[in-house]
Amino acid sequence: GDPQNITIFGESGGGAKVLTLMGTPAAKGLFHKAIVQSGALEGMGMTLLKPATTRRVAELTLQNLGIKPSEIGKLDSLPYADINAATQKALDQTAQEQQLPTIRGDSIGLSWAPATDGKYIPAEPVGEKYPAIAKNIPLLIGSNLTEWNTIYAYFGDTAKAQRDNHHHWNATQTAARMQEKYGSRSQAIGKAFAAAYPGRKPADALFVDTFLRIPALKTARIKAEQGGAPVYNYLFTWDTPVLGGFAMSYHTAEIPFVMNSLALTETMHGNGSEAKALADKMSRAWVAFARTGNPNTEGLPQWEAYTPQNGATMIFDNKPVIKYHHDAELLRLLKPDGRF
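What comes next concerns the included structure.

### Let's talk about the overall build of the protein chain
Each helix and strand in the protein chain was counted, giving twelve helices and six strands. For the protein chain, the C-alpha radius of gyration of 22 Å lies close to 20 Å, the compact-globule estimate for 340 residues. Projected onto its principal axes, the C-alpha coordinates of the protein chain cover approximately 65 × 50 × 40 Å. Relative to its 340 residues, the protein chain shows a buried fraction of 49%. For the protein chain, contacts bridging at least 24 residues in sequence account for 71% of all contacts bridging at least 6. Counting every atom, the protein chain has about 16400 Å² of accessible surface; 55% of that belongs to carbon and sulfur. Between the averaged position of the 34 positive side-chain charges in the protein chain and that of its 31 negative side-chain charges there is a distance of 4 Å.

### Observations regarding the nonpolar core
The nonpolar side chains of a soluble globular protein tend to be buried, and buried together. Membership of the largest hydrophobic core comes to 48 residues, with the highest contact counts inside it found for F236, F257, W286, W303, F316 and L330. Mapped by element, the contributors of at least two residues to this core are helix 6 (171-182), helix 7 (186-196), strand 4 (231-236), helix 9 (255-258), helix 11 (273-292), strand 5 (312-316) and helix 12 (328-334). Among the elements that line this core, the one with the most residues is helix 11, at seven residues. With residues near it in sequence (within four places) discarded, F316 still touches Y234, L235, F236, T237, W238, L278, M282, W286, L300 and W303. Counting residues in each nonpolar core, the second largest holds 24 residues, with I8, A27, A134 and Y306 among its members.

### Some points on helix 6
Since the α-helix advances by 3.6 residues per turn, residues separated by three or four positions end up pointing in the same direction. End to end, helix 6 covers 16 Å across twelve residues, agreeing with the expected 16 Å (1.5 Å per residue, within 8%). Residues of helix 6 that are buried: T174, M178 and Y182. The buried residues of helix 6 occupy one face: seen down the axis, they fall within an arc of 40 degrees. Away from its buried face by more than 90 degrees, helix 6 exposes T172 and E180. Those residues of helix 6 hidden inside the fold are in contact with helix 7 and helix 12. For helix 6, the N-terminal cap is N170; the gap from its side-chain oxygen to the backbone nitrogen of T172 is 3.1 Å.

### A closer look at the pairing of strand 6 (residues 321-324)
Pairing of strand 5 with strand 6, which is carried by four bridges, proceeds in the antiparallel orientation. Bridge pairing in strand 6 links I315 to V321. Where strand 5 folds back onto strand 6 in an antiparallel hairpin, the turn is made up of four residues.

### Some thoughts on the packing of aromatic side chains
For the coordinates displayed, the defined rule picks out twelve aromatic pairs. One cation-aromatic arrangement involves R104 over F211; the distance from NZ or CZ to the ring centre is 4.5 Å. We note R177 situated over the ring of W169; from NZ or CZ to the ring centre the distance is 3.8 Å.

### Points about the side chain of T61
Looking at the element boundaries, T61 is found in helix 2 (residues 51-65). A residue is classified by how much of its surface remains accessible, and T61, at 9% relative accessible area, is buried. In terms of polar contacts, T61 uses its side chain to reach the backbone carbonyl oxygen of V57, at 2.7 Å. Here T61 is in contact with A86, T87 and A90, once residues within four sequence places are set aside.

### What to know about the sheet that holds strand 3 (residues 139-144)
In space, the six strands of this open sheet follow the order 1-2-3-4-5-6, with mixed pairing throughout. Looking along the sheet, the strands with just one partner apiece sit at the ends: strand 1 (7-11) and strand 6. Geometrically, the sheet is characterised by an average inter-axis angle of 20 degrees between neighbouring strands, direction not taken into account. Along the sheet face, helix 1 (residues 13-22) touches strand 1, strand 2 (33-37) and strand 3 and points at about 140 degrees away from the line of strand 1. Here helix 8 (residues 213-225) sits on the sheet in contact with strand 3, strand 4 and strand 5, set at roughly 165 degrees to strand 4.

Conventions we followed
- Residues numbered from 1 in each chain as written.
- Predicted model: local features only at pLDDT ≥ 70, side-chain atom pairs only at ≥ 80, totals over all residues.
- Heavy atoms only, no water.
- Helix = DSSP H or I, 4+ residues; strand = E, 2+ residues; numbered from the N terminus.
- Rg over C-alpha atoms; globule rule 2.2 N^0.38 Å.
- Buried < 20%, exposed > 50% of the residue type's maximum accessible area, 1.4 Å probe, protein only.
- Contact = heavy atoms within 4.5 Å.
- Areas by Shrake-Rupley, 256 points an atom, 1.4 Å probe, with all protein chains shown as cover.
- Lys, Arg positive; Asp, Glu negative; His and termini not counted.
- Charge placed at Lys NZ, Arg CZ, Asp CG, Glu CD.
- Core = buried A, V, L, I, M, F, W, Y, C linked by side-chain atoms within 4.5 Å.
- Expected span 1.5 Å × (residues − 1).
- Arc of directions from axis to C-beta.
- Polar contact = N/O pair within 3.5 Å; in protein donor to acceptor, adjacent residues only side chain to side chain.
- Pairing = 2+ DSSP bridges.
- Phe/Tyr/Trp six-rings, centres within 6.5 Å; stacked < 30°, edge-to-face > 60°.
- Lys NZ or Arg CZ within 6 Å of the ring centre and 35° of its normal.
- Axes fitted to C-alpha atoms, helices over the stretch in contact; angles between N-to-C directions.

What follows is the structure, given as structure tokens:
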């Protein structure tokens, strides 16, 4: 390898770590390009924990173990299981004390994450502006169309999901589910979805992800506004055909396409000709970006760098296309308080 041409990339929590490293001075110069797959999140990656939170976790961990701060060396002799139980309890206690929402924002809870301590990580990796140390690092960032939503809807009972999923619902059933989920917004969302994704089933609108798509767009915007190295945005929309196709483009679905390793994941994706063709295109784009900082490669339409003005997104499906602000209205309807 070339130590002067290193790309780091990760998916989910790995993507959050990439964003964190982009804002960590100790990592400056150790890598030159970055890729974030489904990993931009407020509270983990984009923004981090506050020192008051992490300090409280440490205090409560010691209290739970019956150890004074001056006796911290005793940790070396304690069983791992005891330390693990004490730290998990400390996380839960701190979350309740400080009323900290989980990453998804649907309950109170706290997970391990780095802290913005003002020293080692001096500022939020993706605050109101991008950290200066990342100005010359090209970024490729994106997510999957249905990401977590099919997992929550179907993965609790996959046998039932194969018999009863969005592929089986008629227009009346779909309309009822849209009304149940979106209420008075259901018709507007259905119309915006059809405009953003022509040719897809109306029921697919029930599964569009905003949890990771909106933060990815916000990160891309802030990076572009920095006026340094380019940022490229993508959206993976390829639906798996296995098990009746109920899982669509779920969280992690893009990884075997990026790695061109479909033969190892046939039970999740199949290994048909269309999947192979897309894996070839995506893996070539990732390699091109790692080599040059530009993902354009043979077989793809011209992939423009993202700007707030053009909203350019590469849609990875059987026929990859580049679109501009294609889902902006849909995202505003799905998450009126979202900022991207």
